[in-house]
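So the chains spell out like this:
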Amino acid sequence: MADRYVELKSVSKSYGGVPALTKVDFRCEPGRVHAILGENGAGKSTLMKLLAGVIQPDSGTISIGGQTVRFSSPRDAAKQGTVCMFQELSLMPHLSVGDNIVLAAPRTRMGLVERGVYQEAREALDLVGARSIPLGARVSGLSLSERQLVEIAKAVFRKPKLLILDEATSALTSELVETVFGVLRMLKAQGVAILFISHRMHEVDAIADRISVFRNGRHIETFDVGARTTDQIVGLMIGRSLEELFPPRRPPVPDTTPAVLDVSDVSWQSQLVNVSLAARAGEIVGLGGLDAQGQQQIMHAVFGVLRGVTGRIELNGKRLNGLKPPRLKQSDIGLALVPEDRKTEGLIPSMSVAQNMRLAALGRAPFGLLDLNGNSDARLRQLIERLALTYGSLEDPVATLSGGNQQKVVLAKWLVLSPKCLLLMDPTRGIDLGTKAQIYRLLTDLAAEGMAVILQSTDYEELIHLCDRVYVFYRGSVAKELKGDQLSADALIAASMNVHLHAGARA
Amino acid sequence: MKSSSMPLRASAVNFLRDHITYVIFLAITLYFVLFAPHFASVSTAGAVLRITAIVSAMAIGMTFVIICGEIDLSVGSLASFSGMIAALMLDQNVPTYVAALLVLGAGAAIGATSGILVTKLRIPSFLVTLGMLSIFSGLALTITGTRPVSIVDDDFSNLFWNGSFLGVQAPIWWTVVLTAGGYYLLHQMPYGRRVYATGGNAVAARFSGVRTDGVKIFAFVLSGMTASLAGMMLAARSTAGNPSLGAGLELDVIAAVIIGGTSLFGGYGSIVGSVVGAIFIGILGFGLLVLGLSTSIQEVIKGAIIIIAVSLNRR
């Protein structure tokens, strides 16, 4: 069948023994927009990298237009008309917009860049709705969304046959998303095959013709848009129903309960603007929003790792402004933070599992011999059991544990101090589902025991199904507080983009 | 506890792999015992341990700094400087113990200065301590206009070099006491755990409520104090404060720490390893001397063996 532009047959790829893709059969056709959905670690990026020639499959074949191909570099793939836009922007900040676009496919005459190509670059920019960006402007002077448009113009300029967009619309406002979708529809009409990766279900609904769901490196199912409900699609992505993943809802904490953590009018540089929020004992409070809208900074501000924070931060009536983590972790305050990136911020890879778990509690007995710290060790053992930590020996380096177990070590390190308020930054990112379910269970139990839990998350399901209330951040301030029945994916997304419901990017 | 779960042979192989420098160390010692005349004797052992006491002392302080992920290049010139001010104070009839404590205090203050410059001004420790090296080798020369100052105080000489207690000579006692103290501090106390955490991943340590700046500053204080102590040992040995006594010692000290298995990038290391490294360098120097090789060739062989030992010990 000649119309199958790209076809993968039984393709497998593993990294150092860890399978990333297992026997994947997949095809996409010209003139269609094909959305790829899946959780982090489902194999989406690996699939894209295979098609773009960044990596090669361990087994199986990739064919384009009916011919088996084997790309040895992204350059090979580009020659075949595959153009890829990765999540991370790939523009050279110190070159001009025009040079960046032309650089993608330079045409030369007698060793000099041809004049006409700049004209084409201009046309490509106009086409994607970036009329206001001059060719001579330096990329470093552009805003994030302008850069994203240049990136898209660069792709259009290369006249792709297969265009891959990996979260390429994540930095765009809803109006610009519409513009880009217009370009995609035009390319589609010209017969370009488009692969579209996005976490935003409504964007997928708006642009895609077909949807493929990936999970744990396997291609689960492909269907036309509209053939499945959103809940069914989410079920396919996570491999079990939401009821199995999340513990049952707890009764809401009455509004009259006094707040444990009380943050009011907190600002920091230009990244936090008058943020006020509160968390009561027994509550799980979510912080959501698009990436880097201030929800990470407010956690750092509360935990005392930012300098020059203004406003008021109180915990059980004690003012925390200006206090640093060594003071905040003391039992009379009782604040703990599970940082965003467990590899760089959470763990000391050169130290053992046990040493990592004891790190936050160090110094409770300043002159004692470490190995005789009986009390905290008994508590650690309880926690290890409670967290169902899977390990070989407590003396093994912590780096030998799986991602999920590493996160449990970070949790144990703090829980051994019995904090009153626990701040968590995206604690389940890149963790397998079984461990996720355990962590959700644990957080629910901790809240039930009276801890105030604040959960910053990029996972909408987590915010909807685990949290009592969610503060949605937009450009450094709280755009909306959602609770109870208001907590839905649509409401979260609308608030994240700071648009009113029904006025968003729905086509 | 660890090894009991493993078959004996596997754990022996693991031990050898983890301590490859000890194997090389033993092989070289064995070579000297077999081929160097009169090497295998108690007096040789005593001589080697006395010679290495100075490097051992400095290596113990340096271990803390290097595990923190920093470096202290100033220890050699700080030792010269300490020897000089000790000699000058004794010359002014300052009581022996007061002078010794003041010199230690000066070492601590100088270490703290380096530490504060490194952590608060965020200047790389290589540069800060390189500057300190230059400053204190210059100062040591300047105070007396390059003249050595002789020490006639017997208490001082006995305390740091010539004395003996229970039949064991003072420098060996110092090595034992410092090793035990360093071991306790690094391996048994919370401070040591914080040192490993700071060098292993400073960001994660800070997020765990470890004052990484304070941990580093105190490591430099320890290094400064051991350098001062070593300087007084040097002065007592030569019964004079001599402004160039410690010159170049920092290289032997750093080599000892690295040979002992401490990672130059921080996060790994041990006190006993550093002392073994110092003794290794001592045996190497002494053995080559006994074999009758010229000092210039000794340096070449010493350098080559250090590189081989470290390359086999890479993590």
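Going by the structure above, here's the rest.
Residues numbered from 1 in each chain as written. Chains lettered and ligands numbered in written order. Predicted model: local features only at pLDDT ≥ 70, side-chain atom pairs only at ≥ 80, totals over all residues.

(A) View of the overall build of chain B. For chain B, the count of helices and strands is 14 helices and 4 strands. On the principal axes, the C-alpha backbone points of chain B span a range of 65 × 55 × 40 Å. The 315 residues of chain B split such that 50% are buried. When contacts within chain B are restricted to residue pairs at least 6 apart in sequence, long-range pairs at least 24 apart make up 78% of them. (Helix = DSSP H or I, 4+ residues; strand = E, 2+ residues; numbered from the N terminus. Buried ≥ 20, exposed ≤ 12 C-beta atoms within 10 Å, placed from the backbone. Contact = placed C-beta atoms within 7 Å.)

(B) Here's a closer look at the environment of Pro171 of chain B. Residue and element names in this part refer to chain B. For Pro171, the location among the structural elements is in helix H8 (residues 170-188). Sequence separation between Pro171 and Ala236 is 65 residues, and the spatial gap between their C-alpha atoms is 10 Å. Setting aside chain neighbours within four positions, we find Pro171 in contact with Arg50, Ala53, Trp161 and Met233.

(C) The sheet that holds strand E12 (residues 218-224) of chain A, seen in detail. All names here are of chain A. As summarised here, the arrangement of the 6 strands in space is E6-E9-E10-E3-E11-E12, forming an open sheet in which the pairing is mixed. Because the sheet does not close on itself, it has two edges, and the strands there are strand E6 (82-85) and E12. Between one strand axis and the next, the sheet turns by 20° as a mean value, whatever way the strands run. The pairing of strand E3 (residues 33-37) with strand E11 (residues 210-215) spans 4 bridges and is classified as parallel. Looking at E11, one finds that Leu37 is bridged to Val213. Against the sheet, helix H1 (residues 44-51) makes contact with E3, E6, strand E9 (162-166), strand E10 (193-197) and E11, and its axis sits at roughly 150° relative to E9, the strand it touches most. Relative to the sheet, helix H8 (residues 230-238) contacts E3, E11 and E12, its axis offset from that of E11 by approximately 35°. (Pairing = 2+ DSSP bridges. Axes fitted to C-alpha atoms, helices over the stretch in contact; angles between N-to-C directions.)

(D) Examining the pairing of strand E15 (residues 284-289) of chain A more closely. All names here are of chain A. Judged by how many residues are buried, E15 sits mostly within the fold: 6 of 6 residues are covered. Residues Ile284, Gly286 and Gly288 line one face of E15 and the alternating positions Val285, Leu287 and Gly289 line the opposite face, and both faces are buried. Strand direction decides the pairing type here: E15 and strand E20 (residues 452-456), joined by 4 bridges, are parallel. Across the sheet, residue Leu287 finds its bridge partner in E20, namely Gln456. Two strands pair when backbone bridges link them, and E15 and strand E21 (residues 469-474) are joined in this way by 5 bridges, in the parallel orientation. Among the inter-strand pairings, Val285 is bridged to a residue of E21, identified as Arg469.

(E) Focus on the nonpolar core. By size, the foremost hydrophobic cluster in this structure holds 173 residues, and its most contacted members are Leu423 of chain A together with Met58 and Met233 of chain B. Once you skip the residues sitting within four places of it in the chain, Leu423 of chain A turns out to touch Met299, Val302, Phe303, Ala336, Leu337, Val338 and Ile454 of chain A. Core analysis: the next-biggest nonpolar cluster, separate from the first, contains 65 residues, Val6, Leu47, Ala77 and Val139 of chain A among them. (Core = buried A, V, L, I, M, F, W, Y, C linked by C-beta atoms within 7 Å.)

(F) Representation of the interface of chain A and chain B within the structure. Contact with chain A, which involves 25 residues of that partner, is made by 20 residues of chain B. Counting only elements with at least two residues in the side of chain A that touches chain B, the list comes to helix H11 (325-328) and helix H12 (342-346) of chain A. The greatest single-element share of the side of chain A that touches chain B, amounting to 3 residues, is contributed by H12 of chain A. Its residues placed into classes, the side of chain A that touches chain B shows 15 nonpolar, 6 polar and 4 charged. (Nonpolar A, V, L, I, M, F, W, Y, C, P; charged D, E, K, R; others polar.)

(G) Highlighting helix H4 (residues 75-91) of chain B. Residue and element names in this part refer to chain B. For H4, with 17 residues, the first-to-last C-alpha span of 24 Å sits near the 24 Å given by 1.5 Å per residue. Taking burial as the measure, the 17 residues of H4 include 15 buried ones, the bulk of the element. Looking at the residues trailing H4, positive phi occurs at Asn93, about 65°. (Expected span 1.5 Å × (residues − 1).)

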